[in-house]
Protein chains: 2
Amino acid sequence: MINEIRIFSPGTVSNVACGFDVLGFALESIGDEMIVRKTVQKGLTINNVSGFDLPMDIKKNVATVSAAELIEKLKPDCGFEIEFIKKIKPGSGIGSSGASAAGSVYAINKLMGDPFTMGDLIKFAMKDMQEDGMFEHPDNIAPALMGGFVLVKSISPLEIIKIPSPNDLYCTIVHPKIEVKTSYSRSILPNDVSLEDATKQLANFGSLIHGLHTSDYDLIKSSLNDHLIEKHRSKLIPKFQEIKSECLSNGALGCSISGSGPSIFALSRGIDSAKHVEQSINRVYSGSGLEFSTYVSKINDRGVEII
Amino acid sequence: MINEIRIFSPGTVSNVACGFDVLGFALESIGDEMIVRKTVQKGLTINNVSGFDLPMDIKKNVATVSAAELIEKLKPDCGFEIEFIKKIKPGSGIGSSGASAAGSVYAINKLMGDPFTMGDLIKFAMKDMQEDGMFEHPDNIAPALMGGFVLVKSISPLEIIKIPSPNDLYCTIVHPKIEVKTSYSRSILPNDVSLEDATKQLANFGSLIHGLHTSDYDLIKSSLNDHLIEKHRSKLIPKFQEIKSECLSNGALGCSISGSGPSIFALSRGIDSAKHVEQSINRVYSGSGLEFSTYVSKINDRGVEII
């Protein structure tokens, strides 16, 4: 009988250039850790948060709001306390909330002997996302839980599809330390887009799915273009065009905004290429007075896991 | 040395519900035949047209306009005469022009010992499509030439991708004998669509590509929904909603407008299901006073071929 587990819940990149609100993938080298323990007393407790600040109030912390959904359904004879070793900065655009929500439901489900399916866990973890009044796609939660590339076909009914991806795909992330609220980043999007742009996006997105299936890096490269969102949101990110242009001219397959930003991601073939791209980003931001972090990560095909 | 060949050039369904302007597939049981002969005299001649009317003027017939492009490039020491056994009614919405254009360039290329690539042939065949002043996607030409499902990623540069598809996929077509001009059918489309609809279309289209790759019929079924075009064009087609609803309740995986209409297509798993769907269509149109034809066809994975 296991009474305590420690898990790693990955950061995630959603939208992935041409897949606005429908595609995301999980990262390997950046993610949160959480220690979850059974307690005699029922209910949920947050007993420690390190790394970055998170609400200690269980009604305001996405991990406990999600976990409360699971507990409501399962009615276990025990409670749970959660310790956060937070490594993803909230608001960075690489799925900080998604990692917290995915991690808590995954860990409690494991401690209770896996009573729930992946679909159940995604729904529990989505709970908090819906609570803030905005209809959020689980394009961070699903890849955090399942790993790899995940296509969110539909929310209601929930239809989630794992897309195979080539083994040698690496991601470079840069997080410029500015604040961009998801709600603001969404509010600047237009209600309408041109049919022509929508059609170009379709062509790119279908091609990306085919390219991931067939490990066709050339096709992945030519598909990683966004015609709907990037032109609006990129204005919120310092030197976005310069970063993107440097990434592409230094070998990246594609570069766009991670989720609603401000992080920028680039995909590359192979770790050397991804590191080379990281250096090119460093050159742009260094000396700009802007605080920033970079990461290079393999695509994480496993998702949240016990460590 | 072959001096004459007879070819079959398939009818095609473009748009395929969620793939507006970017996806098409080829049919097996409906298509044009053409006999193409080398002649001593240079240039092109149309020596017979049977079945349906086509222009005899080589400057107005899509087959000879396309062939003229090829000849301009190749400068062969002979000419060609073309006989059409036309089986696809022009204006039906199942790629009549595409079959003519694809057939002539395929046949002449064969007679000359295959000097050109598939990409070259698609470009020659697209010539006529561009001449009418409208920017046409080769979503009929490419599947007619290549067979199967074809994704038109980009026109310039030309990027065409063949998508694998399950073996047991059948198509039912109904062609209500009304005239809908492609130019009119395109003119009624809006310039803008909502971001929400564009996003739903992305989810469906990506899922369809995945479903075709993995032979996931349930996913193909749930992906065959159009949020951009059908609501506008379906008004031009008598009893469209009734036909669609009958097809779906009689087992079709999906049903939408073929190309710019007026033909309607349904996809089904297996020939029996496709024939059952055909009967349900017959019941709707019979006694309506409307003249119509129906076809049941396997997906044609080979494209235009010598017969």
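Since the model is a prediction, treat every value here as computed from it, not as a measurement.

Engineer: Lay out the overall build of chain A in plain terms, naming residues and giving numbers.
Structural biologist: For chain A, the helix and strand inventory stands at 10 helices and 12 strands. In terms of overall dimensions, chain A is globule-like: its C-alpha atoms have a radius of gyration of 19 Å, near the 19 Å expected for 307 residues. Seen along its three principal axes, the alpha-carbon backbone of chain A occupies a region of about 55 × 45 × 35 Å. Across the 307 residues of chain A, 54% fall into the buried class. If you take every contact in chain A between residues at least 6 apart in sequence, the share linking residues at least 24 apart comes to 75%.

Engineer: Any details on the interface of chain A and chain B? Residues and values, ideally.
Structural biologist: The interface is formed by 31 residues belonging to chain A together with 31 residues belonging to chain B. Put simply, the parts of the chain that give the side of chain A that touches chain B at least two residues each are β5 (149-154), β6 (159-163), β8 (192-194) and α6 (195-214) of chain A. Here the element with the most residues in the side of chain A that touches chain B is α6 of chain A; it accounts for 12 residues. Taken together, the residues of the side of chain A that touches chain B break down into 16 nonpolar, 11 polar and 4 charged. As defined by bridge partners, β8 of chain A adjoins strand β8 (residues 192-194) of chain B across 3 bridges and the pair is classed as antiparallel. In the strand pairing of β8 of chain B, V193 of chain A is matched with V193 of chain B.

Engineer: Which residues make up helix α9 (residues 240-249) of chain B, and what are the values?
Structural biologist: All names here are of chain B. When α9 is considered as a whole, its buried residues turn out to be F240, I243, K244, E246 and C247. Angular distribution of buried residues about the axis of α9 spans 165 degrees; they occupy a single face of the element. Opposite the buried face of α9, at more than 90 degrees from it, the exposed residues are Q241 and S249. Tucked into the core, α9 has its buried residues touching β7 (169-176), β9 (254-257), β10 (264-269) and α10 (271-285). Once α9 finishes, G251 follows within two positions and takes phi at roughly 100 degrees, a positive value.

Engineer: Explain the nonpolar core residue by residue, including any values.
Structural biologist: In this structure, L145 of chain A together with L145 of chain B are the most contacted members of the largest nonpolar core, which totals 182 residues. For L145 of chain B, the contacting residues outside a window of four places in its chain are A102, Y106, M118, L121, I122, A125, G303 and V304 of chain B.

Engineer: Give a detailed account of the pairing of β5 of chain A, specifying residues and quantitative values.
Structural biologist: Residues and elements named next belong to chain A. Where burial is concerned, most of β5 is hidden: 5 out of the 6 residues are buried. Bridging between strand β2 (residues 23-39) and β5 involves 3 bridges; their strand directions are antiparallel. In the sheet register, G24 faces β5, and the bridge partner there is V150. In this structure, β5 lies alongside β6, joined through 5 bridges in antiparallel fashion. What sits directly across from L151, in β6, is I161. Adjacent in sequence and paired antiparallel, β5 and β6 are bridged by 4 residues.

Engineer: Give me the sheet that holds strand β9 (residues 254-257) of chain A: which residues, what numbers.
Structural biologist: Residue and element names in this part refer to chain A. Taken in spatial order, the 4 strands of this open sheet run β9-β10-β7-β11, and their pairing is antiparallel. The strands lining the two open edges of the sheet, one partner per strand, are β9 and β11 (292-298). The average undirected angle you get between the axes of adjacent strands in this sheet is 20 degrees. Pairing of β9 with strand β10 (residues 264-269), which is carried by 4 bridges, proceeds in the antiparallel orientation. Bridging across to β10, C255 finds its partner in A266. Its contacts with the sheet put helix α10 (residues 271-285) on β7 (169-176), β10 and β11, and the angle it makes with β7 is roughly 15 degrees.

Engineer: So what about the relation of the copies chain A and chain B? Which residues, and what values?
Structural biologist: Note on the copies: chain A fits chain B at an RMSD of 0.0 Å, the axial shift is 0.0 Å, and the rotation between them is 180 degrees. Such a turn and shift between the copies fits a two-fold axis. A shared interface surface links the copies, since 100% of the contact residues of chain A are contact residues in chain B too.

Engineer: Before we move on, can you summarise the packing of helix α1 (residues 62-74) of chain B against helix α2 (residues 96-111) of chain B with the specific residues and values?
Structural biologist: All names here are of chain B. Where α1 contacts α2, the axes come no closer than 8 Å and their chain directions differ by 35 degrees. Read as a crossing pair, α1 and α2 show a hand that is right-handed. Within the contact between the two elements, α1 uses V62, A63, T64, S66, A67 and L70 and α2 uses S97, S100, A101, G103, S104, V105, I108 and N109. Residue composition of the contact of α1 with α2, grouped by class: 7 nonpolar, 7 polar and no charged.

Engineer: Could you give an account of α2 of chain B, naming the residues involved and the relevant values?
Structural biologist: Residue and element names in this part refer to chain B. A rise of 1.5 Å per residue sets the reference length of α2, with its 16 residues, at 22 Å; its end C-alpha atoms lie 23 Å apart and thus fit the reference within 8%. Counting buried residues in α2 gives 14 out of 16 residues, a clear majority hidden from the surface. Looking at the residues trailing α2, positive phi occurs at G113, about 85 degrees.

Engineer: Provide a residue-level description of the sheet that holds β9 of chain B, including the pertinent values.
Structural biologist: Residue and element names in this part refer to chain B. Strand order in the open sheet formed by 4 strands is β9-β10-β7-β11, and the pairing between neighbours is antiparallel. Each having just a single partner strand, β9 and β11 (292-298) make up the two edges of the open sheet. Each strand axis lies, on average, 20 degrees off the axis of its neighbour in the sheet, ignoring direction. Taken together, the 6 bridges between β7 and β10 define a ladder with antiparallel strand orientation. Following the sheet pairing, I173 is matched in β10 by F265. Sheet strands touched by α10: β7, β10 and β11. Its angle to β7, the strand with the most contacts, is close to 15 degrees.

Engineer: Before we move on, could you go through the pairing of β7 of chain A and cite the residues and values that matter?
Structural biologist: Residue and element names in this part refer to chain A. By the criterion of burial, β7 is predominantly enclosed, with 8 of the 8 residues buried. Burial along β7 is two-sided: the residues L169, C171, I173 and H175 and Y170, T172, V174 and P176 are all buried. Pairing between β7 and β11: 7 bridges, direction antiparallel. In the strand pairing of β11, H175 is matched with S293.

Engineer: Residue-level account of the domain arrangement of chain A, with values.
Structural biologist: All names here are of chain A. When the domains of chain A are assigned, the result is domain 1 (4-163) and domain 2 (169-298). Each of domain 1 and domain 2 was reduced to a C-alpha centroid, and the two centroids are 24 Å apart. Taken together, the contact pairs 21 residues of domain 1 with 31 residues of domain 2. Those elements that provide at least two residues to the side of domain 1 that touches domain 2 are β1 (4-14) and β2.

Engineer: Provide a residue-level description of the confidence of the model for chain A, including the pertinent values.
Structural biologist: Residues and elements named next belong to chain A. On average, residues of chain A carry a pLDDT of 94, and 97% of them reach 70 or more. Within the model, the stretch residues 131-136 combines pLDDT values under 50 with 5 contacts to residues more than four positions away or in other chains. For this predicted complex, the interface confidence reaches an ipTM of 0.94, while the overall pTM sits at 0.95.

The rules behind each value
Residues numbered from 1 in each chain as written. Chains lettered and ligands numbered in written order. Predicted model: local features only at pLDDT ≥ 70, side-chain atom pairs only at ≥ 80, totals over all residues. Helix = DSSP H or I, 4+ residues; strand = E, 2+ residues; numbered from the N terminus. Rg over C-alpha atoms; globule rule 2.2 N^0.38 Å. Buried ≥ 20, exposed ≤ 12 C-beta atoms within 10 Å, placed from the backbone. Contact = placed C-beta atoms within 7 Å. Nonpolar A, V, L, I, M, F, W, Y, C, P; charged D, E, K, R; others polar. Pairing = 2+ DSSP bridges. Arc of directions from axis to C-beta. Core = buried A, V, L, I, M, F, W, Y, C linked by C-beta atoms within 7 Å. Axes fitted to C-alpha atoms, helices over the stretch in contact; angles between N-to-C directions. Least-squares fit on C-alpha atoms with pLDDT ≥ 70 in both. Left-handed = near helix turned anticlockwise from the far one by under 90°. Expected span 1.5 Å × (residues − 1). Domains from an automatic or database assignment. pLDDT = per-residue confidence, 0-100.

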